[in-house]
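Given next are the chains, with one letter for each unit.
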Amino acid sequence: MQYLNRDDIAFLMSELDLPAELIKALEDTESSGKILDDYADELRDLCTDRFDEIGFDENYKLTPKGKKFESLIDKLFIG
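Attention here is on the structure that accompanies the text.

The rules behind these values
Residues numbered from 1 in each chain as written. Predicted model: local features only at pLDDT ≥ 70, side-chain atom pairs only at ≥ 80, totals over all residues. Heavy atoms only, no water. Helix = DSSP H or I, 4+ residues; strand = E, 2+ residues; numbered from the N terminus. Buried < 20%, exposed > 50% of the residue type's maximum accessible area, 1.4 Å probe, protein only. Polar contact = N/O pair within 3.5 Å; in protein donor to acceptor, adjacent residues only side chain to side chain. Contact = heavy atoms within 4.5 Å. Phe/Tyr/Trp six-rings, centres within 6.5 Å; stacked < 30°, edge-to-face > 60°. Core = buried A, V, L, I, M, F, W, Y, C linked by side-chain atoms within 4.5 Å. Axes fitted to C-alpha atoms, helices over the stretch in contact; angles between N-to-C directions. Parallel < 35°, antiparallel > 145°, perpendicular 65-115°, else oblique. Left-handed = near helix turned anticlockwise from the far one by under 90°. Salt bridge = Lys/Arg side-chain N within 4 Å of Asp/Glu carboxyl O.

**A few points about the side chain of T29**
In this fold, T29 is placed in helix 2 (residues 20–32). A relative accessible area of 2% means that T29 is categorised as buried. From its side chain, T29 meets the backbone oxygen of K34 in a polar contact 3.3 Å long. Dropping the residues within four chain positions of it, T29 is found in contact with L4, I9, K34 and I35.

Structure (structure tokens):
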């Protein structure tokens, strides 16, 4: 089971186009901080896709949002 804090959840909700099921999962996660592995895996995939789109600037330097997505990708990894 993975853990997300309120800032992580707010970032994901604002930066990703989430299906209703994941929105509900994130809302449920706000109180406990725990997210089920299946949802974490789906979120990680969405974060990876978004990171590929906006993670770097025109000089291939990591953007602030890229850094946040990189951190979340690591945090959501299910080992």
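**Quick notes on the packing of aromatic side chains**
This model, assessed by the stated rule, comprises two aromatic pairs. Aromatic side chains F51 and F56 sit 5.3 Å apart centroid to centroid with 65° between the ring planes, which places their arrangement in the edge-to-face category.

**Some details on the nonpolar core**
Proteins that are soluble and globular tend to have nonpolar side chains buried together. By size, the foremost hydrophobic cluster in this structure holds 17 residues, and its most contacted members are L4, L12, L26, L43 and C47. Those elements giving two or more residues to this core turn out to be helix 1 (6–15), helix 2, helix 3 (37–54) and helix 4 (64–75). Element by element, the count of residues in this core is highest for helix 3, at four residues. Excluding its chain neighbours within four sequence positions, the residues that come into contact with L26 are L4, I9, L12, M13, L18, I35 and L43.

**With respect to the side chain of D8**
Within the secondary structure, D8 is located in helix 1. Once you skip the residues sitting within four places of it in the chain, D8 turns out to touch K68, L72 and K75.

**Focus on the packing of helix 3 against helix 4**
Closest axis-to-axis distance for the helix 3/helix 4 pair is 9 Å, and the angle between their directions is 155°. It follows from the interaxial angle that helix 3 and helix 4 lie roughly antiparallel. As helix 3 runs across helix 4, the sense of the crossing is left-handed. Where helix 3 abuts helix 4, its residues R44, C47, T48, R50, F51 and I54 lie against K65, G66, F69, E70, L72 and I73.

**A few points about the pattern of salt bridges**
Summed over the entire model, instances satisfying the criterion amount to five salt bridges. Between E15 and K65 there is a salt bridge; the shortest N-O distance is 3.0 Å. Of the two residues, E15 sits in helix 1 while K65 sits in helix 4, which places them 50 residues apart along the sequence. Looking at E15, the relative accessible area reads 17%, which means it is buried. Judged by relative accessible area, which is 37%, K65 ranks as partly exposed. Of the charged contacts in the structure, one is a salt bridge between E53 and R50, with a shortest N-O distance of 2.8 Å. Of this pair, E53 and R50 both sit in helix 3, separated by three residues, roughly a single helical turn. You can call E53 exposed: its relative accessible area is 54%. Looking at R50, the relative accessible area reads 25%, which means it is partly exposed. Bridged by salt links that share partners, the residues D8, K68 and K75 form one connected network.

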